[in-house]
Amino acid sequence: MTNTYPEVWELDSLFSGGSDSAELRTHLEATGNKLADFEQAAATFDVPNRTADAQLVAAFLEQTSDVSVDLRQAGAFIGCLMAQNTEDKKAALLQSEHALLRSRFQSAFLKFKQVLMETDPNVWSELLSTEDLQEFAFVLDEWRKEAQRLLSEQEEGLITSLGIDGYHAWSELYDLLIASVSVQVDVDGEDKTLSVGQANNLSSHQDASVRKEAYDKLEAAWGEKEELFAKTLNSLAGFRLQMYKKRGVDNVLEEPLQMNRMKQETLDVMWQAISEHKQPFADYLARKAQLLGKEKLAWYDVDAPVVENSQSFDYEQGSEFIIRHFGKFGPELEKFSRHALENGWVEAEDRAHKMPGGFCTSLPKSGESRIFMTYSGSMSNVATLAHELGHAFHTHALQPMHDLNRSYAMNVAETASTFAEMIVADAAVKNAVTKEEKISLLEDKIQRSVAFFMNIHARFLFETRFYEERKNGVVPASRLNELMEQAQEEAFAGSLSEGHPHFWASKLHFYITDVPFYNFPYTFGYLFSLSVYAKALEEGQGFEEKYMALLRDTAVMSTEQLAMKHLGEDITEKGFWEKGIALCTKDVEEFIKLTAEEG
Ligand SMILES: [Zn+2]
């Protein structure tokens, strides 16, 4: 049999020789030299004070992008080395070497932003309208505003240096705490010692007693260490709040909203629309409880399978399936994905010592991407492959843009990936042969809605309420449990017989210091992407050009502007969000119909 689609990726064309690559060594040295020049240029860059300075700024921007591209090219390659073999010690060394270069780049770049802040507002708007700089008007303005929100260079420098041990260290401590937790669970008659990750995987185990035991053991483990987790969360949050206070910021959502280039009112109406349409998803959970022979679902039943789906696709079949269905949406997506799959952009082989999970990374210097995952033949693997190809397609659509105009935010990052995944998930439901297959595939889709509209909503409610209370002092573990249970009760619309009070201790996302509020952008991205998908269904193949234009603009305007320009939609209106939710509701209706005779 011929292998049209290699299962092992091709990295040698990027830098030959893996973690021993001489080519990479030369590249890193050259990047180090460029970086030294860049640091010098940033340190001596004068405040632009007349329109004619536009050329100087433009030249500096080219230098910035040149260093940044080289850095990211190396970073992406090293990331691939790390992922393909977790035992590659040399790759780990390369990673720390690269991290050092990257942090030097970031401090020099911050200096430049602070210089921009000094420019007189009138000169500034003239600068942005010059031929040299108009292309960069959005990002330049964003950088300047970002610098304006910060304190003086000295004060920010102090925060950064104290933050290493006083802020980020709490996040690192959390990783250590999690790693120290293990539980004993009886799985299929065997007593096993499991890490948190392994125990969490049992949440989709078929046997209810296994799910319950894993959950109970984990809850007990969190309970035992709750004071340690509470101290960690309170300290991390306390640092963040103090930092905001010094910068004159009272609303904890201000920074995450700015990072996601969106307005508070947009976020508010999104949650409002979701809150008003919980009922169908509560109905789904009630039906699921019935199918599992329960009055109401407990937390540990939400991910349980309701039917067995033994469908399996080899890699060749999975790839063909994706290409065929992408083709129905547009020739470019089809052509691009075929190229990526045929030319070794994907690492899919199921073998030992690979990192778990999946990702897509872009190699800006080569204009290529690489996709990492472990493919073992399930429909959900096919969906993951489609998802990652969607990310790669986004990067592809951004190719005509200047490198500095390609940094999109987290909330729109998942647009192309969710879109691609949706094409495949829908096609899979339509192609299902047996009723069991259909139910199982539909459920996969609905589970995403439950995750984004209920689980993530609970995280958001908890986090906003916790931060408000934290402003007045330390919030004890018992209160954190209470806040979490209330948030889950509300977000799951009372559908669960019992929640997960220590969820705040179990979820890494509350402890990420680099990205505050690592929750609502997921829900935003999902619904935003659904509405793009709905448009695509309406307009057929002709939509692709518009779709690519939307992707191209994802890093040069606010989210509100993006939706208005490319979808003609006002996302500060509830109606926009309701359209996406309605698509998900249809899946629930079909699920309820299909399972009517089963219960
Ligand atoms: Zn993704």
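Thresholds applied
- Residues numbered from 1 in each chain as written.
- Predicted model: local features only at pLDDT ≥ 70, side-chain atom pairs only at ≥ 80, totals over all residues.
- Heavy atoms only, no water.
- UniProt positions renumbered as here; feature names shortened; annotations may be inferred.
- Helix = DSSP H or I, 4+ residues; strand = E, 2+ residues; numbered from the N terminus.
- Buried < 20%, exposed > 50% of the residue type's maximum accessible area, 1.4 Å probe, protein only.
- Contact = heavy atoms within 4.5 Å.
- Areas by Shrake-Rupley, 256 points an atom, 1.4 Å probe, with all protein chains shown as cover.
- Donors = N, O, S within 2.8 Å, 3.2 Å for Na, K, Ca; no water.
- Tetrahedral: all angles 85-135°; square planar, octahedral: opposite > 155°, others 65-115°.
- Pairing = 2+ DSSP bridges.
- Axes fitted to C-alpha atoms, helices over the stretch in contact; angles between N-to-C directions.
- Parallel < 35°, antiparallel > 145°, perpendicular 65-115°, else oblique.
- Left-handed = near helix turned anticlockwise from the far one by under 90°.
- Nonpolar A, V, L, I, M, F, W, Y, C, P; charged D, E, K, R; others polar.
- Patch = residues over 30% accessible without salt bridge, like charges linked within 9 Å, V, L, I, M, F, W, Y side chains within 5 Å.
- Salt bridge = Lys/Arg side-chain N within 4 Å of Asp/Glu carboxyl O.
- Lys, Arg positive; Asp, Glu negative; His and termini not counted.
- Charge placed at Lys NZ, Arg CZ, Asp CG, Glu CD.
- Domains from an automatic or database assignment.
- Buried area = accessible area lost by both parts, 1.4 Å probe.
- Polar contact = N/O pair within 3.5 Å; in protein donor to acceptor, adjacent residues only side chain to side chain.
- Core = buried A, V, L, I, M, F, W, Y, C linked by side-chain atoms within 4.5 Å.
- 1 Å grid on protein atoms, 1.4 Å probe; cavity = no way out; pocket = protein on both sides within 12 Å on 5 of 7 lines; lining within 4 Å.
- Points joined across faces, edges and corners; volume = space filled by probe spheres on them.

- Looking at an unreviewed UniProt entry, one finds the protein named PepF/M3 family oligoendopeptidase, with Planococcus citreus as its source organism.
- In its Sequence similarities (unreviewed entry) section, the UniProt record describing the protein reads: "Belongs to the peptidase M3 family."

1. Focus: the overall build of the protein
Next, step 1: Each helix and strand counted, the protein has 24 helices and seven strands in total.
Next, step 2: By its C-alpha atoms, the protein is 75 × 65 × 50 Å across when sized along the principal axes.
Next, step 3: The buried share among the 599 residues of the protein stands at 54%.
Next, step 4: Long-range pairs, those at least 24 residues apart, make up 76% of the contacts in the protein between residues at least 6 apart in sequence.
Next, step 5: In the structure as shown, the protein presents an accessible area of about 26,000 Å², 50% of it carried by carbon and sulfur atoms.

2. Structural notes on the coordination of the zinc ion
Next, step 1: Every protein donor of the zinc ion is listed here as His-387 (NE2), His-391 (NE2), Glu-414 (OE) and Glu-414 (OE), and their distances to the metal cover 2.1 to 2.6 Å.
Next, step 2: Relative to the metal, the four donor atoms surrounding the zinc ion lie at angles of 52 to 137°, and the coordination shape comes out irregular.
Next, step 3: The sequence pattern describing where the donors of the zinc ion fall on their chain is H-x3-H-x22-E. Here His-387 is found in helix H15 (residues 379-397), whereas its partner Glu-414 is found in the loop between helix H16 (410-413) and helix H17 (415-431), with 27 residues between them in sequence.

3. Considerations on the UniProt feature "domain: Peptidase M3A/M3B catalytic" (unreviewed entry) in the protein
Next, step 1: Look at the UniProt record and you will see "domain: Peptidase M3A/M3B catalytic" (unreviewed entry) annotated at residues 203-552.
Next, step 2: Between the end C-alpha atoms of residues 203-552 the distance is 39 Å, and the span holds 63% helix and 5% strand.

4. What to know about the pairing of strand S5 (residues 359-363)
Next, step 1: Note that S5 and strand S6 (residues 368-372) share five bridges and pair antiparallel. Of the residues in S6, the one forming a bridge with Ser-362 is Ser-369.
Next, step 2: The turn joining S5 and S6, which pair antiparallel and follow one another in sequence, is formed by four residues; a positive phi near 65° is taken by Gly-367.

5. Considering the packing of helix H2 (residues 54-84) against helix H3 (residues 89-117)
Packed helices, taken two at a time, are described by the angle their axes make and the gap between the axes.
Next, step 1: Interaxial distance between H2 and H3 falls to 10 Å at its minimum, and their mutual angle equals 160°. What the angle tells us is that H2 and H3 run roughly antiparallel. The element H2 and its partner H3 pack so that their crossing is left-handed. Between H2, through Val-57, Phe-60, Leu-61, Thr-64, Val-67, Ser-68, Leu-71, Ala-74, Gly-75, Ile-78, Leu-81 and Met-82, and H3, the contact on the second element is made entirely by Ala-91, Ala-92, Leu-94, Gln-95, His-98, Leu-101, Arg-102, Phe-105, Phe-109 and Phe-112.
Next, step 2: Considered class by class, the residues forming the contact of H2 with H3 number 16 nonpolar, five polar and one charged.

6. Notes on the packing of helix H21 (residues 520-539) against helix H24 (residues 574-594)
Next, step 1: Axis separation between H21 and H24 bottoms out at 9 Å; the angle between their running directions is 80°. When the axes of H21 and H24 are compared, the pair comes out roughly perpendicular. For the pair H21 and H24, contact is made by Phe-524, Tyr-526, Leu-527, Phe-528, Leu-530, Ser-531 and Ala-534 and by Phe-576, Trp-577, Gly-580, Ile-581, Leu-583 and Cys-584, respectively.
Next, step 2: Of the residues contributing to the contact of H21 with H24, the split by class is eleven nonpolar, two polar and no charged.

7. Topic: the sheet that holds strand S4 (residues 346-347)
Next, step 1: One open sheet holds the three strands; their spatial order is S4-S6-S5, and the pairing between them is mixed. Among the strands making up the open sheet, the edge pair consists of S4 and S5.

8. Focus on a negative patch on the surface
Next, step 1: Taken together, the side chains of Asp-186, Asp-188, Glu-190, Asp-191 and Asp-207 present a region of like negative charge at the surface.
Next, step 2: Looking at where Asp-207 falls in the secondary structure, it is placed in the loop between helix H7 (196-201) and helix H8 (208-224).

9. Thoughts on the domain arrangement of the protein
Next, step 1: According to the domain assignment, the protein consists of domain 1 (18-150), domain 2 (161-248), domain 3 (251-309 + 409-598) and domain 4 (315-408).
Next, step 2: Distance from the C-alpha centre of domain 1 to the C-alpha centre of domain 3: 34 Å.
Next, step 3: Area buried by domain 1 at its contact with domain 3 is led by Phe-138, Glu-142 and Arg-149, which between them contribute 88% of it.
Next, step 4: There are two residue pairs in polar contact (both at pLDDT 80 or more) connecting domain 1 and domain 3.
Next, step 5: For the side of domain 1 that touches domain 3, the class distribution of residues is two nonpolar, no polar and two charged.

10. Notes on the environment of Lys-113
Next, step 1: Position of Lys-113 relative to the elements: it lies in helix H3.
Next, step 2: Along the sequence, Lys-113 and Lys-145 sit 32 residues apart, while their C-alpha atoms lie 9.0 Å from each other.
Next, step 3: Apart from the residues lying within four places of it in its own chain, the contact partners of Lys-113 are Trp-143, Glu-146 and Ala-147.

11. Concerning the side chain of Ser-558
Next, step 1: Along the polypeptide, Ser-558 turns up in the loop between helix H22 (544-552) and helix H23 (559-567).
Next, step 2: On the basis of relative accessibility, which here comes to 16%, the residue Ser-558 falls in the buried class.
Next, step 3: Setting aside residues no more than four positions away along its own chain, Ser-558 makes contact with Phe-138 and Arg-261.

12. What to know about the pattern of salt bridges
Next, step 1: Applying the stated criterion to the full structure yields 37 salt bridges.
Next, step 2: Close ionic contact of Asp-587 with Lys-445 constitutes a salt bridge, the shortest N to O distance being 3.2 Å. Of this pair, Asp-587 sits in helix H24 while Lys-445 is found in helix H18 (residues 435-470), placing the two residues 142 residues apart along the sequence. Pair check on accessibility: Asp-587 and Lys-445 agree, each one buried.
Next, step 3: One connected set of salt bridges, linked through shared partners, spans Lys-34, Asp-66, Asp-70 and Lys-365.

13. As for the nonpolar core
Next, step 1: Ranked by size, the top nonpolar core spans 146 residues in total, and within it Phe-462, Trp-504 and Phe-528 carry the most contacts.
Next, step 2: Among the elements that make up this core, the one with the highest residue count is H18 (15 residues).
Next, step 3: Ignoring anything within four residues of it in the chain, the contact list for Phe-462 reads Leu-233, Leu-480, Leu-483, Met-484, Ala-487, Trp-504 and Phe-510.

14. Details of empty space enclosed by the protein
Next, step 1: Inspection of every chain in the model, using the stated rule, returns two cavities of 30 Å³ or more.
Next, step 2: Computed from the structure, the largest cavity encloses a volume of approximately 50 Å³.
Next, step 3: Around the largest cavity sit Asn-260, Arg-261, Ala-409, Asn-411, Val-412, Thr-554, Met-557, Ser-558, Thr-559 and Leu-562, which together line it.
Next, step 4: Breaking the lining of the largest cavity down by element, the ones donating at least two residues are H16 and H23.
Next, step 5: In the lining of the largest cavity, the residues fall into four nonpolar, five polar and one charged.
Next, step 6: In this structure, the second largest cavity encloses a volume near 40 Å³.

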